[in-house]
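Listed below, chain by chain, are the residues.
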Amino acid sequence: MSQLLAVLFDGVAYGMLLFLLSIGLSVTQGMMNFTNLAHGAFAMLGAYVTLFMVQSLGVNFLLTLPFAFIVTAAVAAVFEITLFRRLYNAGELNQVLFTIGLVFTASAIAAYVFGSVNQSVALPAYLTGYVEFAGAKLPSYRIFLVIIAVFLTIAVVWALEFTRFGAMVRASVDNQRVARGLGLNVNRIFALTFALGSGLAGLGGALAIDILSLDPSFGFHILVPVLIVVAVGGLGSIWGSFVAAACLGLFDVAGKYFIPELGAFLIYLFMVVLLFLRPGGLFGKR
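Rules behind the numbers
Residues numbered from 1 in each chain as written. Predicted model: local features only at pLDDT ≥ 70, side-chain atom pairs only at ≥ 80, totals over all residues. Heavy atoms only, no water. Helix = DSSP H or I, 4+ residues; strand = E, 2+ residues; numbered from the N terminus. Rg over C-alpha atoms; globule rule 2.2 N^0.38 Å. Buried < 20%, exposed > 50% of the residue type's maximum accessible area, 1.4 Å probe, protein only. Contact = heavy atoms within 4.5 Å. Areas by Shrake-Rupley, 256 points an atom, 1.4 Å probe, with all protein chains shown as cover. 1 Å grid on protein atoms, 1.4 Å probe; cavity = no way out; pocket = protein on both sides within 12 Å on 5 of 7 lines; lining within 4 Å. Points joined across faces, edges and corners; volume = space filled by probe spheres on them. Nonpolar A, V, L, I, M, F, W, Y, C, P; charged D, E, K, R; others polar. Phe/Tyr/Trp six-rings, centres within 6.5 Å; stacked < 30°, edge-to-face > 60°. Patch = residues over 30% accessible without salt bridge, like charges linked within 9 Å, V, L, I, M, F, W, Y side chains within 5 Å. Salt bridge = Lys/Arg side-chain N within 4 Å of Asp/Glu carboxyl O.

**Q** Go over the overall build of the chain with me, naming the residues and quoting the values.
**A** Helix and strand counts for the chain come out as 12 helices and 2 strands. Reading the chain from its N end, one meets helices and strands in the order α-α-α-α-β-β-α-α-α-α-α-α-α-α. The C-alpha radius of gyration computed for the chain amounts to 19 Å, which stays within 12% of the reference 19 Å derived for 286 residues, consistent with globular compactness. Counting only C-alpha atoms, the chain reaches 60 × 50 × 35 Å along its principal axes. Split into buried and exposed, the 286 residues of the chain put 51% on the buried side. A separation of at least 24 residues holds for 76% of the contacts in the chain among residues at least 6 apart in sequence. Of the roughly 13400 Å² of accessible surface on the chain, 69% is carried by carbon and sulfur atoms.

Set out below in C-alpha cells:
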C-alpha cells in the first residue's frame with residue numbers, strides 16, 4: 001500500500017507540474033483564442049531567470065519565483081504590443097508558424113548565452129527531504145508543487161471568473177467591437193492578459209527545473225504535454241486543465257511503473273479516447 005501511495009502521489013505531483021506549465025496557455029489560448037506555441041519559450045525564460053539568480057547572484061530559490069513571473073510577464077507584454085497583436089486576426093496557421101519560430105529563436109539564444117548542457121538549481125534544505133505518510137516517503141518538493149498548483153488554480157479562477165478584470169477579458173474576447181463601444185481599452189486588456197498567461201508560464205518553468213532539468217530545448221520538451229493538458233481539459237477552462245493535468249500525470253507515472261512496456265504511450269491513449277468521446281475536452285467552454 002505504501003508503494004502504491006507513493007506511485008499515486010508521484011503521478012499527482014507530476015500532473016501538478018504539467019498544470020503549472022500549462023495554466024498560462026489555458027489563459028492565452030483558451031481565453032484569448034490565440035494559438036501561442038511560444039508558450040514554451042516563455043516558460044524557458046522564467047526558468048533561466050531563476051537559474052541566473054540562484055547560480056550567479058546566490059538568491060534563495062523561493063525568492064527567485066516572483067522575479068521569474070515578473071520578468072517573463074514584462075517581456076511577454078512587449079512581444080504582445082509589438083508582434084503578437086498583429087496576429088490575432090491572421091489565422092491559426094500564421095500564428096503557429098510565427099510562434100514556433102520564436103521557440104527556435106529562443107532556443108538558439110539560450111544555447112549561446114547559457115550553453116547546451118543540462119542545468120539544475122540548488123533547492124533550500126527544507127524542500128529536498130521527505131515527509132513520511134502511511135509508510136510512504138513523499139518528496140517535500142513535490143508536496144510544495146501540489147500546494148502551489150492548488151493555490152494558483154483558485155487565484156486564477158477567482159481573478160478571471162469573479163472580478164471586474166475577468167469580466168472585461170471575457171467581454172473583449174467575445175466581441176471586441178461591443179467592448180470598445182462600452183469604453184473598454186481592449187488592447188490594454190489583451191496585453192495584461194497575455195502578460196499574465198506568459199508570466200504564469202515563466203513561473204511554471206522555474207518550478208520545473210528540479211524535476212525536468214533545463215537546457216535550450218526546454219521549450220520544445222514541454223510543448224506537447226502542455227498542449228495535451230489544454231486540449232483534454234477543454235479550451236477556456238482553468239479547472240478543466242487542472243483535472244486533465246492530474247489525470248494525465250497519474251496515467252503517465254502509474255503506467256510507466258506498472259506497465260513499463262506501454263507506459264510512455266498511455267498518456268496519448270488517454271487523450272485519444274477522451275477526445276473521441278468528448279471532442280471539446282472535459283470542461284471545454286467552446
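**Q** How would you summarise the layout of surface pockets if you had to cite specific residues and measurements?
**A** Quantified by volume, the largest pocket comes out at close to 410 Å³. Every residue lining the largest pocket is counted, 17 residues in all, and those nearest its centre are Ala41, Met44, Leu45, Ala106 and Ile109. Elements with a minimum of two residues in the lining of the largest pocket: helix H2 (39–55), helix H3 (61–82) and helix H4 (92–114). Here the lining of the largest pocket is built from residues that sort into 16 nonpolar, 1 polar and no charged.

**Q** Give me the lowdown on the packing of aromatic side chains, citing residues and values where you can.
**A** The final tally for this structure, using the stated rule, is 17 aromatic pairs. With a centroid separation of 4.9 Å and 50° between ring planes, the pair formed by Phe84 and Phe194 is classed as tilted. Here Phe84, found in the loop between H3 and H4, pairs with Phe194, found in helix H8 (residues 186–212); they are 110 residues apart in sequence, far enough to count as distant. As far as the burial class goes, Phe84 and Phe194 line up, both buried. Geometrically, the ring pair formed by Tyr141 and Phe144 is tilted, given 5.9 Å between the ring centres and 35° between the ring planes. Taken together, the residues span about one helical turn, with Tyr141 and Phe144 both in helix H5 (residues 140–161) at a distance of 3 residues. The two residues Tyr141 and Phe144 agree in class, both being buried. Following the ring pairs from residue to residue traces out a cluster consisting of Phe34, Phe42, Phe79, Phe84, Tyr88, Phe98, Phe190 and Phe194.

**Q** Give a description of a nonpolar patch on the surface that names residues and reports values.
**A** Taken together, the side chains of Leu4, Leu8, Val224, Tyr257, Phe258, Ile259, Leu262, Phe265 and Tyr268 define a hydrophobic patch exposed on the protein surface, amounting to about 830 Å² of accessible area. Counting residues per element, the ones that place at least two in the nonpolar patch are helix H1 (2–28), helix H11 (238–258) and helix H12 (263–277). Summarising the element assignment, Leu262 is placed in the loop between H11 and H12. You can call Leu262 partly exposed: its relative accessible area is 45%.

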